[in-house]
Amino acid sequence: MTRTSISDAPAAFSRALQRALVGDALPLDEARALMTAPPEALDALCAVAAALSERARPHRRVTYSRKVFLPLTNLCRDRCGYCTFVRGPRQAGAHTMSPDEVLDVARRGAALGCKEALISLGDHPELRHPEHLATLRAWGYGSTVEYTAAMARLVLEKTGLVPHTNCGTLGDEELALLAPWNASMGIMLEGVSPRLFERGGAHQDTFTKRPEQRVATLEAAARAGMAMTTGILIGIGEEPQERADALALIADVHRRTGVVQEVIVQNFRAKRSTRMSGAPEPDTGDMVRTLAAARLILGAQMNIQAPPNLNEDFGAYLGTGINDWGGISPLTMDFINPEAAWPAVDRLRAVTAQAGFTLRERTALYPAFIRGGWAADTPAGRRVRELAADDGYVREELEAW
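Residues numbered from 1 in each chain as written. Predicted model: local features only at pLDDT ≥ 70, side-chain atom pairs only at ≥ 80, totals over all residues. Heavy atoms only, no water.

Undergrad: Please explain the side chain of Arg360 as it appears in this structure.
TA: Of note, Arg360 is situated in strand E9 (residues 358–362). Arg360 gets classed as buried once you look at its relative accessible area, which sits at 10%. A distance of 2.9 Å separates polar atoms of two side chains, one belonging to Arg360 and the other to Glu399. Each residue touching Arg360, except ones within four places of it in the same chain, is listed here: Arg61, Val62, Thr63, Tyr64, Asp391, Tyr393, Val394, Glu396 and Glu399. (Helix = DSSP H or I, 4+ residues; strand = E, 2+ residues; numbered from the N terminus. Buried < 20%, exposed > 50% of the residue type's maximum accessible area, 1.4 Å probe, protein only. Polar contact = N/O pair within 3.5 Å; in protein donor to acceptor, adjacent residues only side chain to side chain. Contact = heavy atoms within 4.5 Å.)

Laid out in structure tokens, this is it:
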């Protein structure tokens, strides 16, 4: 690929690179220019993104979290066009984990050196499925969020794993239930294109995927003092410039609230038996451009994650300014993308080293957020401080090799 200088790029693209280098927020037209510039400009985009990230991280560390994945329930009130995780109550594979199941998996993960329990589930399934509400009531709970909070507490108190929960849209009272038992939580923005909600679109038949709903949850988390993960899912029907729109919206939320501890850029994977089974998947070039653009739009300090299990060529991501691989489990699969196995940590370490970076283990709360006081005086926050060294990374004697 031909090396492209800043001065050779179209005007908006050139301004975006120059503005990002001095740490200024990008206006929307310049953010969009990063996603629509010609292919020969990609080298310049990646070079600036990598330089920007290294300015904030001269130690050249890339992090990951050693975790267990707890799919608490695969019932949900939404029906996304790409999802195979969700089941209806009478479908084969529908399941809500019992407390005994939760504790069994968590204990086995702790024995393998895990520090994080990733608790994932559908959004308020009792609002669509009365059978689920009956199950919850039989177990002594009035809602899915109430049950989730109880399971996060069980895991934390009985195993020492620190929960990070993804359970969809949440209000202030629900966050108050979850906050003591979670070091961080997550809700993906996914996208902002209105076409995603049209017939045949990725978010047809959904109740909770409107951008304003996801932003409202991030704002509620800020009020609760809960650090949040969010991100975009690329390749689900959006235009390239709409990826920039979504990233710019996340940047705006973080500027206003300070609540976003990481942004995930995740590539869509087509799955059989879904409405989008025949949709094209983003390739490595799509991911590289979007990751580099994310670094410029979100700024040097933001933690940017790319899942390594969704692309065999994940090492290419390290030239785009990312600094995190996300959660890797030695025990449980990726239940959202079951066809994509986690890379072994030894391989992840080798690929990271080959690009000139050092792999370090983190907790569910990023080092900068620990140092910045987000490990609150709660049971989860106190456990994070036990696991972390002064620099915010997992204490070396506790790292699992």
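Following the structure, the description resumes.
Undergrad: Would you take a moment to explain the pattern of salt bridges for this structure?
TA: Side chains that differ in charge, positive against negative, can pair when their charged atoms come close. Scanning all chains against the criterion turns up 27 salt bridges. Linking Asp245 and Arg32 is a salt bridge whose minimum nitrogen-to-oxygen distance equals 2.8 Å. With Asp245 in helix H9 (residues 240–257) and Arg32 in helix H2 (residues 28–36), this pair connects stretches of sequence that are 213 residues apart. Taking relative accessible area as the criterion, Arg32 reaches 34% and is therefore assigned partly exposed. Put simply, Glu238 and Arg243 hold a salt bridge, and the shortest N to O gap is 2.7 Å. The same class applies to Glu238 and to Arg243, which are both buried. Members of the salt-bridge network, linked through shared partners, are Arg15, Arg19, Asp29 and Glu30. (Salt bridge = Lys/Arg side-chain N within 4 Å of Asp/Glu carboxyl O.)

Undergrad: Explain empty space enclosed by the protein to me, please; I cannot follow it from the model alone.
TA: To find the voids left in a structure, one rolls a probe of water-molecule size over its atoms. Inspection of the entire model under this criterion finds two cavities of 30 Å³ or more. Considered as a void within the structure, the second largest cavity measures approximately 60 Å³ in volume. In terms of lining, the second largest cavity is formed by Glu190, Gly191, Val192, Leu196, Ile232, Leu233, Ile234, Ile236, Glu238, Glu242, Arg243 and Ala246. Contributing elements (two or more residues each) for the lining of the second largest cavity: strand E5 (228–234) and H9. When the residues that make up the lining of the second largest cavity are grouped by side-chain class, the tally is seven nonpolar, one polar and four charged. (1 Å grid on protein atoms, 1.4 Å probe; cavity = no way out; pocket = protein on both sides within 12 Å on 5 of 7 lines; lining within 4 Å. Points joined across faces, edges and corners; volume = space filled by probe spheres on them. Nonpolar A, V, L, I, M, F, W, Y, C, P; charged D, E, K, R; others polar.)

Undergrad: Would you mind going over the nonpolar core with me for this structure?
TA: For soluble globular proteins, the rule of thumb is that nonpolar side chains tend to be buried together. Among the nonpolar cores identified, the biggest contains 99 residues, and Leu34, Leu70, Leu296, Ile297, Leu298, Tyr317 and Trp325 are the most heavily contacted of them. Per-element tally for this core: the top contributor is helix H10 (residues 284–298), with nine residues. If you look at the next biggest cluster of nonpolar residues, it comprises eleven residues, including Ala227, Ala364, Leu365 and Ala388. (Core = buried A, V, L, I, M, F, W, Y, C linked by side-chain atoms within 4.5 Å.)

Undergrad: Sorry, what's going on with unusual backbone geometry here?
TA: Working note: non-glycine residues mostly have negative phi, and peptide bonds are mostly trans. One non-glycine residue with positive phi stands out, namely Arg60, at about 55 degrees. Here Arg60 lies in the loop between helix H3 (42–56) and strand E1 (61–73). For Arg60, a relative accessible area of 24% translates into the label partly exposed. With phi around 70 degrees, Glu190 is a residue other than glycine that occupies positive phi space. The residue Glu190 is located in the loop between strand E4 (184–186) and helix H8 (211–224) in this model. By relative accessible area, Glu190 is classed as buried at 11%.

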